[in-house]
Amino acid sequence: KQEVTQIPAALSVPEGENLVLNCSFTDSAIYNLQWFRQDPGKGLTSLLLIQSSQREQTSGRLNASLDKSSGRSTLYIAASQPGDSATYLCAVTPTMSYNTDKLIFGTGTRLQVFP
Amino acid sequence: NAGVMQNPRHLVRRRGQEARLRCSPMKGHSHVYWYRQLPEEGLKFMVYLQKENIIDESGMPKERFSAEFPKEGPSILRIQQVVRGDSAAYFCASSPSPLLNSPLHFGNGTRLTVT
C-alpha cells in the first residue's frame, strides 16, 4: 500500500531563506508526482508535476526533484517570501492499473515565512 | 477562463439531514474527482467520474454517499443522513484527460459542518 510522508510537518523561517521540503513514498511504482500549495480556506494549486522519467522540474523560484528509486522528492524554494506561507502537499499517482486514477497525498508541510 | 467552481463554500447541516455538494469542472474538462480532507488529515480520494459514468468509487463510504456527473450540469456529491464524522472539507478537481499526463485543477472546496 502506497504511503506518502512529508517532513517537516511545520516550518517557520525568516524571509529570504532558501528552504527544502521533503516528501517520501513507500512504493516506487509511480507515474508521476505533484507538488501543490494550499492556502487556508482555499483549494489546492498545482505547482509542479514531475513524470516518473524526469529528475526535476523548475518554475520560477521553485525546483522539485524526484528520485524514484529511493522514493523521495524535494521541493526547493529559493529566497522565500511571506507570500510563500501556505501548506505544501505532495501527491503521487500509483502505477497499479486500477489505481492510476487517484492521487495519494501526504499530510503536508505548513510553511510560515516571517518578514 | 473560470477554474473549478464548487458551491456552496460552507454548508451546515444537522445530523440526519442531506448534504448536496456541487462541482462545475473547468471548461473542456471531462474528468472529475472528489476528495475529502478530514481535520488534521491529508486529502483522501473518494470517487472519479466522467460524464454519465462512475469510473472508480473505491474511496466512497459504502453507505449514505453517492456521486453523479450528468450529461448536462455539475457533478453532485450527495451525503444522506449526515453524521458528525462527515464534517470535513470536500474538494472537487478536474482534468482534461486521465491523471497520467495532466495536473489536477482543484476547486476551493465545500466545508461541511454537521451539528
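Residues numbered from 1 in each chain as written. Chains lettered and ligands numbered in written order. Predicted model: local features only at pLDDT ≥ 70, side-chain atom pairs only at ≥ 80, totals over all residues. Heavy atoms only, no water.

Participant: Explanation requested: the overall build of chain A in the structure shown.
Facilitator: Of regular secondary structure, chain A possesses zero helices and 11 strands. A globule of 115 residues ought to have a C-alpha radius of gyration of about 13 Å, and chain A, at 14 Å, matches this closely. Taking the principal axes of the C-alpha coordinates as reference, chain A spans close to 45 × 30 × 20 Å. Taking the intrachain contacts of chain A between residues at least 6 apart in sequence as the baseline, contacts between residues at least 24 apart amount to 55%. Split by element, the accessible area of chain A, about 5,400 Å² in all, is 49% carbon and sulfur. One finds the centroid of the 9 positive side-chain charges in chain A at a distance of 4 Å from the centroid of its 9 negative side-chain charges. (Helix = DSSP H or I, 4+ residues; strand = E, 2+ residues; numbered from the N terminus. Rg over C-alpha atoms; globule rule 2.2 N^0.38 Å. Contact = heavy atoms within 4.5 Å. Areas by Shrake-Rupley, 256 points an atom, 1.4 Å probe, with all protein chains shown as cover. Lys, Arg positive; Asp, Glu negative; His and termini not counted. Charge placed at Lys NZ, Arg CZ, Asp CG, Glu CD.)

Participant: Even after reading the chapter, I still don't get the packing of aromatic side chains, so can you show me in this structure?
Facilitator: Aromatic rings in a pair are described by how distant their centres are and how their planes are angled relative to each other. All names here are of chain A. By the definition in use, this model includes seven aromatic pairs over all chains. Centre to centre, the rings of Phe36 and Phe105 are 5.6 Å apart; their planes meet at 40°, and the pair counts as tilted. Note that Phe36 is positioned in strand 4 (residues 30–38) and Phe105 in strand 10 (residues 104–105), a separation of 69 residues in sequence. For the pair Phe36 and Phe105, a shared accessibility class is recorded, and that class is buried. (Phe/Tyr/Trp six-rings, centres within 6.5 Å; stacked < 30°, edge-to-face > 60°. Buried < 20%, exposed > 50% of the residue type's maximum accessible area, 1.4 Å probe, protein only.)

Participant: So what exactly am I meant to see when it comes to the environment of B:Trp34 here?
Facilitator: Residue and element names in this part refer to chain B. Position of Trp34 relative to the elements: it lies in strand 4 (residues 31–37). Look at Trp34 and you get buried, because its relative accessible area is 0%. Counting along the chain gives 57 residues from Trp34 to Phe91, while the straight-line C-alpha distance between them is 5.7 Å.

Participant: Explanation requested: the interface of chain A and chain B in the structure shown.
Facilitator: In this assembly, 22 residues from chain A lie in contact with 22 residues from chain B. Together chain A and chain B conceal approximately 1,700 Å² of surface at their shared face, both sides included; 56% is due to carbon and sulfur atoms. Linking chain A to chain B there are one salt bridge. A:Lys102 is the salt-bridge partner of B:Asp56, the closest N and O atoms lying 2.9 Å from each other. The interface formed by chain A and chain B includes seven residue pairs in polar contact (both at pLDDT 80 or more). Looking at the side of chain A that touches chain B, the elements that each hand over two or more residues are strand 4, strand 5 (44–51) and strand 9 (86–94) of chain A. Top element by residues in the side of chain A that touches chain B is strand 4 of chain A. It accounts for five residues. Counted by class, the side of chain A that touches chain B contains eight nonpolar, 11 polar and three charged residues. (Buried area = accessible area lost by both parts, 1.4 Å probe. Salt bridge = Lys/Arg side-chain N within 4 Å of Asp/Glu carboxyl O. Polar contact = N/O pair within 3.5 Å; in protein donor to acceptor, adjacent residues only side chain to side chain. Nonpolar A, V, L, I, M, F, W, Y, C, P; charged D, E, K, R; others polar.)

Keep in mind these values describe shape, not function.
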